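Okay, here's what each chain looks like letter by letter:
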Amino acid sequence: MSPVWPGVGEGKGELFWTHWTEVLTLKTYWVSKGSAFSTSISKQEAELSPEMISSGSWRDRPFKSYNFSAHGILPDSGHLHPLLKVRTQFRQIFLEMGFTEMPTDNFIESSFWNFDALFQPQQHPARDQHDTFFLKDPAEALQLPTDYVHRVKRVHSHGGYGSQGYKYNWKLDEARKNLLRTHTTAASARALYRLAQKKPFTPAKYFSIDRVFRNETLDATHLAEFHQIEGVVADHGLTLGHLMGVLREFFTKLGITQLRFKPAYNPYTEPSMEVFSYHQGLKKWVEVGNSGLFRPEMLLPMGLPENVSVIAWGLSLERPTMIKYNINNIRELVGHKVNLQMVYDSPLCRLDAEQGSPQTQETT
Amino acid sequence: MPNGEIQKLIITEETAKIRPYAVAAVLRNIKFTKDRYDSFIELQEKLHQNICRKRALVAIGTHDLDTLSGPFTYTAKRPSDIKFKPLNKTKEYTACELMNIYKTDNHLKHYLHIIENKPLYPVIYDSNGVVLSMPPIINGNHTKITVNTRNVFIECTGTDFTKAKIVLDIIVTMFSEYCENQFTVEAAEVVFPNGKSSTFPELAYRKEMVRADLINKKVGIRETPENIAKLLTRMYLKSEVIGDGNQIEIEIPPTRADVIHACDIVEDAAIAYGYNNIQMALPKTYTIANQFPLNKLTELLRYDMAAAGFTEALTFALCSQEDIADKLGLDISATNAVHISNPKTAEFQVARTTLLPGLLKTIAANRKMPLPLKLFEISDIVIKDSSRDVGARNYRHLCAVYYNKNPGFEIIHGLLDRIMQLLDVPPGEKKRGYVIKASEGPAFFPGRCAEVFARGQSIGKLGVLHPDVITKFELNMPCSTLEINIEPFL
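Note that the structure is predicted; figures quoted are calculated from it, not measured. (Residues numbered from 1 in each chain as written. Chains lettered and ligands numbered in written order. Predicted model: local features only at pLDDT ≥ 70, side-chain atom pairs only at ≥ 80, totals over all residues. Heavy atoms only, no water.)

J.: Got a minute to help me understand the overall build of chain A in this structure?
T.: Within chain A, the regular secondary structure consists of twelve helices and ten strands. Taken across its 364 residues, chain A has 51% of its residues classed as buried. For chain A, contacts bridging at least 24 residues in sequence account for 69% of all contacts bridging at least 6. Accessible area of chain A: about 19,300 Å², with a carbon and sulfur share of 54%. (Helix = DSSP H or I, 4+ residues; strand = E, 2+ residues; numbered from the N terminus. Buried < 20%, exposed > 50% of the residue type's maximum accessible area, 1.4 Å probe, protein only. Contact = heavy atoms within 4.5 Å. Areas by Shrake-Rupley, 256 points an atom, 1.4 Å probe, with all protein chains shown as cover.)

J.: Help me out: how do you make sense of the overall build of chain B in this one?
T.: What chain B contains, in helices and strands, is eleven helices and 25 strands. Taking 490 residues into account, the globule formula puts the C-alpha radius of gyration at 23 Å, and chain B, at 34 Å, lies well above it. Overall, chain B is about 95 × 65 × 45 Å in size when its C-alpha atoms are taken along their principal axes. Per-residue burial over chain B gives 53% buried out of 490 residues. Long-range pairs, those at least 24 residues apart, make up 66% of the contacts in chain B between residues at least 6 apart in sequence. Summed over its atoms, the accessible surface of chain B is roughly 22,200 Å², and 51% of this surface lies on carbon and sulfur atoms. Computed over 59 positive and 57 negative side-chain charges, the inter-centroid distance for chain B is 4 Å. (Rg over C-alpha atoms; globule rule 2.2 N^0.38 Å. Lys, Arg positive; Asp, Glu negative; His and termini not counted. Charge placed at Lys NZ, Arg CZ, Asp CG, Glu CD.)

J.: Explain the side chain of A:His81 to me, please; I cannot follow it from the model alone.
T.: Turning to its location among the elements, A:His81 is positioned in the loop between α2 (50-55) and α3 (82-96). Given a relative accessible area of 0%, A:His81 falls into the buried group. Excluding residues within four positions of it along the chain, A:His81 makes contact with A:Leu333, A:Val338, A:Val343, B:Arg302, B:Glu312, B:Ala313 and B:Leu314.

J.: Explain the pattern of salt bridges to me, please; I cannot follow it from the model alone.
T.: Working definition: two side chains of opposite charge can pair if their charged atoms are close together. Under the defined criterion, the tally for this structure stands at 36 salt bridges over all chains. Taking the shortest distance from any N to any O, the salt bridge between A:Arg190 and B:Asp389 comes out at 3.1 Å. In this pair, A:Arg190 is assigned in helix α7 (residues 185-197) and B:Asp389 in the loop between β20 (373-384) and β21 (392-403), connecting two distinct chains. A:Arg190 sits in the buried class, given a relative accessible area of 17%. Here B:Arg256 makes a salt bridge to B:Asp258, at a shortest N to O gap of 2.9 Å. In this structure B:Asp258 comes out as partly exposed when scored by relative accessible area, which is 42%. In the salt-bridge network here, residues are joined through shared partners; they are A:Arg87, B:Glu299, B:Arg302 and B:Glu312. (Salt bridge = Lys/Arg side-chain N within 4 Å of Asp/Glu carboxyl O.)

J.: Whenever I open this one, the sheet that holds strand β25 (residues 479-485) of chain B confuses me. Can you help?
T.: The strands making up a sheet associate through hydrogen bonds between their backbones, and the pairing can be parallel or antiparallel. All names here are of chain B. The mixed open sheet is built from seven strands, whose spatial order is β16-β20-β21-β25-β24-β23-β22. Each having just a single partner strand, β16 (311-312) and β22 (434-438) make up the two edges of the open sheet. Note: β20 against β21, twelve bridges, orientation antiparallel. Along β21, the bridge assignment pairs Glu377 with Cys399. Where helix α9 (residues 356-364) meets the sheet, its contacts fall on β20, β21, β24 (457-465) and β25, and the angle it forms with β21 comes to roughly 35°. (Pairing = 2+ DSSP bridges. Axes fitted to C-alpha atoms, helices over the stretch in contact; angles between N-to-C directions.)

J.: Would you take a moment to explain the domain arrangement of chain B for this structure?
T.: Bring the parts together and some accessible area is lost; that lost area is often taken as the interface size. Taken domain by domain, chain B consists of domain 1 (8-200), domain 2 (206-277) and domain 3 (293-489). Here the C-alpha centroids of domain 1 of chain B and domain 3 of chain B sit 58 Å apart. (Domains from an automatic or database assignment.)

J.: Is there a simple way to explain the pairing of strand β10 (residues 308-316) of chain A in this structure?
T.: Within a regular strand, the side chains alternate between the two sheet faces. Residue and element names in this part refer to chain A. Within β10, eight of the nine residues are buried, leaving the element largely enclosed by the surrounding structure. Bridge count between strand β6 (residues 225-236) and β10: nine bridges; the pairing is antiparallel. Note on β10: the bridge partner recorded for Val232 is Ala312. Two elements, strand β9 (residues 284-294) and β10, share four bridges in a ladder whose sense is antiparallel. Residue pairing in the sheet places Ser291 in a bridge with Trp313 of β10.

J.: Just to check I follow, could you spell out the interface of chain A and chain B for this structure?
T.: Counting residues at the interface gives 105 residues for chain A and 84 residues for chain B. Here chain A meets chain B over a buried area of about 7,900 Å², counting both sides, of which 57% is carbon and sulfur. The salt bridge involving A:Arg87 is made with B:Glu299; its shortest N-O contact spans 3.6 Å. Taken together, the links from chain A to chain B amount to 47 residue pairs in polar contact (both at pLDDT 80 or more). Among the residues making up the side of chain A that touches chain B, the classes are represented as 46 nonpolar, 32 polar and 27 charged. Sheet topology note: the strand β3 (residues 135-137) of chain A/strand β18 (residues 339-340) of chain B ladder contains two bridges and is antiparallel. Looking at the pairing, A:Leu135 lines up with B:Ile340 of β18(B). (Buried area = accessible area lost by both parts, 1.4 Å probe. Polar contact = N/O pair within 3.5 Å; in protein donor to acceptor, adjacent residues only side chain to side chain. Nonpolar A, V, L, I, M, F, W, Y, C, P; charged D, E, K, R; others polar.)

J.: Sorry if this is basic, but what is going on with the packing of α3(A) against helix α7 (residues 293-307) of chain B here?
T.: Following both chains from N to C, one finds α3(A) and α7(B) inclined at 135°, their axes separated by 12 Å at the closest point. On the basis of their axis angle, the class for α3(A) and α7(B) is oblique. Crossing angle aside, the handedness with which α3(A) passes α7(B) is left-handed. Contact residues: α3(A) offers A:Leu84, A:Lys85, A:Arg87, A:Thr88 and A:Arg91, while α7(B) offers B:Asn295, B:Lys296, B:Glu299, B:Arg302 and B:Tyr303. (Parallel < 35°, antiparallel > 145°, perpendicular 65-115°, else oblique. Left-handed = near helix turned anticlockwise from the far one by under 90°.)

J.: Quick question: what am I supposed to make of the sheet that holds strand β14 (residues 239-242) of chain B here?
T.: Residues and elements named next belong to chain B. The strand order β13-β15-β14 describes an open sheet built from three strands, whose pairing is antiparallel. Each having just a single partner strand, β13 (206-211) and β14 make up the two edges of the open sheet. The sheet shows a mean angle of 30° between the axes of neighbouring strands, taken without regard to direction. Across the sheet, helix α4 (residues 212-219) is in contact with β13 and β15 (247-252); its angle to β13 comes to roughly 70°. Each of β14 and β15 touches helix α5 (residues 225-234); the most contacted strand, β14, lies at about 160° to it.

J.: Even after reading the chapter, I still don't get the nonpolar core, so can you show me in this structure?
T.: Nonpolar side chains tend to gather and get buried jointly when the protein is soluble and globular. Grouped together as the largest cluster of nonpolar side chains are 91 residues, with contacts concentrated most on A:Phe90, A:Phe250 and B:Ile215. Per-element tally for this core: the top contributor is helix α8 (residues 240-252) of chain A, with seven residues. Domain assignment of the residues forming this core places at least three in each of domain 2 (206-277) and domain 3 (293-489) of chain B. Discounting residues that sit within four places of it in the chain, A:Phe90 has contacts with A:Ile209, A:Ile229, A:Phe250, A:Leu254, A:Leu315, A:Leu317, A:Pro320 and A:Leu351. (Core = buried A, V, L, I, M, F, W, Y, C linked by side-chain atoms within 4.5 Å.)

J.: Looking at this structure, I do not really get the packing of α7(B) against helix α10 (residues 409-422) of chain B. What am I missing?
T.: Pairs of packed helices are described in terms of their axes, by the angle between the two and the distance that separates them. Residues and elements named next belong to chain B. Running from N to C, α7 and α10 cross one another at 140°; their axes reach a closest spacing of 11 Å. As far as their axial angle goes, α10 and α7 are oblique. Crossing angle aside, the handedness with which α7 passes α10 is right-handed. Residues Leu301, Asp304 and Met305 of α7 lie in contact with α10, whose contacting residues are Leu415, Arg418, Ile419 and Leu422. The residue makeup of the contact of α7 with α10, split by class, is five nonpolar, no polar and two charged.

J.: How should the packing of aromatic side chains be read in this particular structure?
T.: A ring pair, where both rings are aromatic, is described by two values, the distance of the centres and the angle of the planes. One pass over the structure, following the stated rule, counts 28 aromatic pairs over all chains. Centre to centre, the rings of A:Tyr278 and A:Trp285 are 5.5 Å apart; their planes meet at 65°, and the pair counts as edge-to-face. Taken together, the ring pairs in this structure connect A:Phe90, A:Phe94, A:Phe99, A:Phe207, A:Phe250, A:Phe251 and A:Trp313 into an aromatic cluster. Here the basic side chain of B:Lys165 rests over the ring of B:Phe161, its NZ or CZ set 4.5 Å away from the ring centre. The ring of B:Phe310 is capped by B:Lys374, whose NZ or CZ atom sits 5.8 Å from the centre of that ring. (Phe/Tyr/Trp six-rings, centres within 6.5 Å; stacked < 30°, edge-to-face > 60°. Lys NZ or Arg CZ within 6 Å of the ring centre and 35° of its normal.)

What follows is the structure, encoded as structure tokens:
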């Protein structure tokens, strides 16, 4: 093997292999005094201490600089559930508009209050096993207001109060069947019935936000239990125009100002309207609620005066919450499979503030 | 009545127990095209799905009249005595065999239950014994309608006479347009078991009188009676102003069986006017708002529970029997729970009688979160109660759990003390005060359970959970819990 003198950049490995040369590394440093040069040793301080304050020694100590781009320590706090934060806001909106909260603390309801009193016929598909949770125990309601039940039976089977009725055999047994309420409109019916018993009639504004149950097919946006928001105004001479006016005020408080109305159908309201608002992010009109005037066949048997109209509207609590907090699967919001980190991190619910979702920001 | 005698459908008394009502009519010299034929079938399906309530109330059968010979008989027979070749099949079957065959038919299996377990099945024959149909399941193949069919015999059978008549009216009014003699329908006679007879379709027109100012008042517009009459006529409710100039007479055709009250007419007027043209106004209703006291208290407590370091959960009100009984060491009969009939899955067997299972399941689903986990919920549970009109009632409960490497009884106890402080309930046996006393329960670790007494009554329990409960909920850390009824504090 012939020795090769290393040129600049040539592998010094070759030389090592021959053991004829050894590479030595020489390192040189230039050292000079810095501004913090001292002949005594002192550690850099992290924080001010009580001792430093009282002795004044903080004046002579160096302090390590802060890294302002790091995060702080989050306070050890509890958290409120996002859906219930939204509920609090809706309650607030109704109270600001002068609406009184109805009692809704009964998940169990009779078919009578849930359907019959609302003029929903006994053969209606919604009263199927497929859509409604009926009860095994207690299977039947124990008491129903007798006189009122007779009036309801008559209007269903024969008509009256200006109506042709449905002309079918109305059965008391069917009305007695207990169920998990499918809407809080059953609670509204109870409230209106109580109102009708007070003479003379005084106008009222009611609201409720509570849980309802539907036995439907479940998917990413539907569960068997959800929350319904309902508003009701009972007064002389209310019109469809008044319903639209109330809806405009209500939705304005939610930050929704562009509204359009479309004819719809509900068994217990006529006229009925679907309410739409323009979603900036999705660039289309989306349904935000359902509304209408309660049918006379529902109001008159209760004993409400003939020239009293009752306007009502409803929407779900889950839908605006999922839009507000950008949640796609309802199971992450409601129920035990909730994402607790999401609960910890969710911001204040400010319904009338600008939409903060990335969707809207991208497309505007 | 062209081409000879009126068609007759005779109903026998056997139908009374299973499907008592039937009506019939004939569409003569109809001209089908592929589109009209498809539309004809689709209309029947749509009607079956809604107004006929999935064939339970009414079922429609349409048949090629030229393949039949009247009079027709609508009767009910034992399934084994009914034998025919059903639509689109190549051989004859008895009704029993058909019930079996259609169990796997995705379309027809949903209707079998309507007659399945009855002793007699409905069936319609012609004078030669040809089966027209076995309502509400299937028609015979013999009378199958094709694009070339010229004369159609329509029969509607069911359990609701009003709906059967309405359905017949709708079919004939929608398809009489395609008859040679446009917009005419040939009546059929139905003979009832008592010997009486009627002709159908009824095609009743009804006149309703509505005041113009009623429509204006309900909608919130100011139209003249003449304009309102025009709006309604545009909606196919032929109207004209009569009498003193304020009354409108409206003719309601048989196709509008949905118009049963003046409010239905009001809606049509509003639709014709255009909802978005109506002027918005605010009601002058003056009211002072009131909160529901229980909800007001709940809202106040929620905030302070979070301030105390606990996180709010929202769990399901429906759960399995196990969740509220077995997993907590109880027998279901001791829970006084409300039971749901025919739940699709175990998750909907009962309404919860305690908030604890929901919170424990929330912890189980969030295992990866840092400890301790401190959750709370203030919400309703359901208990049977015969003093209520429906036989059950809700109670507003407050439940908290502390889940960590140590049970933290003193923390849960401290939380109770804080809650009582907030509710202005002093410690001590005094009337308005609260006290906790050693207790036991199958869900709790022995010696680490206490009952809470306040305002003179027991309001709940707190304690360290029994390891059995912890493992049954698929958890593995110690856990202590508090659950009380807050209604006594209203």
